[in-house]
Amino acid sequence: MADETKETGEPNKDVNRRQFFLKLGLGSLGIATAGTAAFAYQYLDPNVLYEPSPVVNAGKPDRYPLGSVTIDVNSGIYIIHSDEGYFSLSAVCTHLGCMTAWKPELNLIACPCHGSKFNEDGKKIEGPAPKPLPWKRIWLNDDGDLLVDRSTDVPALARDSFVRV
Amino acid sequence: MAKTIDQHFDDLRGTRVWRSIFRSGTGSSTLKRALAIQQNVFLHLFSTKVRTRMLSFSATWYLGTLTLGTFLILVATGIPLMFYYHPSVPQAYADTKDLQFVVSSGMFLRNLHRWSAHAMVFLVFAHMFKVFYRGAYRTPREFNWVIGVVLLLLTLLLSYTGYLLPWDQLAYWAITVGSNIASAVPVIGEKIHFLLLGGNAVNANALLRFYVLHCMILPLTAMFFVAIHFWRIRKDGGLYSHDSEPATVRANAVSSAKPAKEGQ
């Protein structure tokens, strides 16, 4: 070190050769680690999902008599025909994602996993569910079929949340 | 005069092939026996000497060793199960039923795997309670307690990921509920849920991810930590013995507990 000082004619700087290479090595390792972490995250985050479409065809409205609550287990939605019109509720419990069921004898929607209860407007009657069952966007297509978009929530009991036929 | 079995074994241990594998050589002197442990890649994790009283049932109830035993059974039964199981949505449930009802000894292997998994969770908890109530987690063994907590989590994750693989209703809804619990983590919860399942719902990606976690990542991670766990027993002074505590600690413990069983 003393020799280096003599050769260059400058006083010793903050880092000597060993410290420089140590910092260079650790820095490179850090950058490589961060890059690997980013790479791994991106790799494990799917870009394309082969999941069912969020839009479900629920068929002709006359399948659902007035006052009926009908579940489609495969798509996880209720189609309900009330006095105000047709509307759709998510059948997925807001607690931990179990499939709820309509209990006609109790006139309510109940979850088999942890006992949450909702009325037919989706309003929470009993926990542990933290939130009411969300309403889903429902409309008629040109063929006269009811379509439900499971990815779009609409306000409960709002005028536009019903389909009138 | 005919040689005894021990003499035959000594002859075997003297052969050139044997000596090329096990360097410690023949003889049963304390040194040779210590070398046999110390020079073995697997056994060198352990102490070369153990106090006789620490090998008594009452000292540890053998809970750690039994846990290792169930883990080895799970590896030995899990690998054959992998030969018949496809981690895909159309086949997983059918393969599970085949293993149960069609494959020779399939039911035996599957049940042994299942019961050992239950036993391992029980034994891990029992082991931790025993260590806790004996005070064996204290200095200098705090770090090994932490390793033990990691192993508890790995055991539970192994149970959880294995639960999905039969792909029946119980599995599907249990994993739906369990993965939704992960979404409760603040800020990144939804992302964890998405990455764990490889999608928004329990589906083909989730089944494959749980399979890889269950059969590769988690067992290898567990083996890594088990090796550290065993090595630390030696490094921390061997199995915990109450007699090795300082006199003041012993006196306190004796005055507050029944002294009759002192020293195990």
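None of these values were measured; they are calculated from a predicted model. Numbers given to residues run from 1 along each chain, matching the order in which its sequence is written. The order in which chains are written sets their letters, starting at A; the order in which ligands are written sets their numbers, starting at 1. Given that this is a predicted model, residues contribute local features only at a pLDDT of at least 70 and side-chain atom pairs are listed and counted only at 80 or more, while totals for whole chains, interfaces and linings are drawn from all residues.

Student: For the overall build of chain B, give the residues involved together with the corresponding values.
Tutor: The number of helices and strands found in chain B is twelve helices and zero strands. Taken from the N to the C terminus, the helices and strands of chain B come in the order α-α-α-α-α-α-α-α-α-α-α-α. Taken over the C-alpha trace, chain B has a radius of gyration of 24 Å; the compact-globule value for 264 residues is 18 Å, which it surpasses by more than 25%. Referenced to the eigenvectors of the C-alpha coordinate spread, the extents of chain B come out at roughly 65 × 60 × 30 Å. Strands here mean DSSP runs of E at least two residues long; helices mean DSSP runs of H or I at least four residues long; both are numbered from the N terminus. In this description the radius of gyration comes from C-alpha coordinates, and the expected globular size is given by 2.2 Å times residues to the power 0.38.

Student: I'd love a proper account of the overall build of chain A, names of residues and values included.
Tutor: Within chain A one finds two helices and ten strands. Its helices and strands in sequence order give chain A the pattern α-α-β-β-β-β-β-β-β-β-β-β, from N to C terminus. Scaling as 2.2 N^0.38, a compact globule of 165 residues should have a C-alpha radius of gyration of about 15 Å, whereas chain A reaches 30 Å, well beyond that. With respect to the three principal axes, the spread of C-alpha positions in chain A is 100 × 40 × 25 Å. For chain A, with 165 residues in total, the buried portion stands at 21%. Remark: residues whose backbone-derived C-beta atoms lie within 7 Å of one another are considered to be in contact. Sequence separation of 24 or more characterises 38% of the internal contacts of chain A that already satisfy a separation of 6 or more. Burial is judged by counting the other C-beta atoms within 10 Å of a residue's own C-beta: 20 or more makes it buried, 12 or fewer makes it exposed, and any count in between marks it as partly exposed, with every C-beta position built from the backbone.

Student: Report on the domain arrangement of chain A, specifying residues and quantitative values.
Tutor: Structurally, chain A comprises domain 1 (2-44) and domain 2 (55-161). With centres defined by C-alpha atoms, the gap from domain 1 of chain A to domain 2 of chain A works out at 60 Å. Bear in mind that the domain bounds are from an automatic or database domain assignment.

Student: An account of the sheet that holds strand β9 (residues 135-140) of chain A is needed here, citing residue identities and associated values.
Tutor: Residues and elements named next belong to chain A. The pairing criterion is simple: DSSP has to find at least two bridges between the two strands. The strand order across the open sheet built from six strands is β1-β10-β9-β4-β3-β2, with neighbouring strands paired in antiparallel fashion. Two strands in the sheet have a free side with no partner beyond their single neighbour: β1 (55-59) and β2 (69-72). This sheet shows a mean twist of 30° between the axes of neighbouring strands, independent of strand direction. Pairing of β1 with strand β10 (residues 146-154) involves four bridges; the strand directions are antiparallel. Note that in β10 the partner of valine 55 across the bridge is aspartate 149. Interaxial angle, 0 to 180 degrees, is taken between N-to-C directions of lines fitted to C-alpha atoms, where a helix line uses only the stretch in contact.

Student: How would you explain the interface of chain B and chain A if you had to name every residue and give the values?
Tutor: With twelve residues of chain B at the contact, the number on the chain A side is nine residues. Broken down by element, the side of chain B that touches chain A gets its largest block of residues, five residues, from helix α9 (residues 169-182) of chain B. Looking at side-chain class alone, the side of chain B that touches chain A contains five nonpolar, seven polar and no charged residues. Only Asp, Glu, Lys and Arg are considered charged, only Ala, Val, Leu, Ile, Met, Phe, Trp, Tyr, Cys and Pro nonpolar, and every remaining residue, Gly among them, polar.

Student: I'd like a description of the environment of glycine 25 of chain B, backed by residues and values.
Tutor: Residues and elements named next belong to chain B. Relative to the assigned elements, glycine 25 resides in the loop between α2 (16-21) and α3 (30-38). With 13 C-beta atoms counted inside 10 Å, the residue glycine 25 sits in the partly exposed group. Placed 70 residues apart in sequence, glycine 25 and aspartate 95 show a C-alpha to C-alpha distance of 49 Å. Ignoring any residue separated from it by four or fewer positions in sequence, one finds glycine 25 in contact with Arg19 and Lys32.

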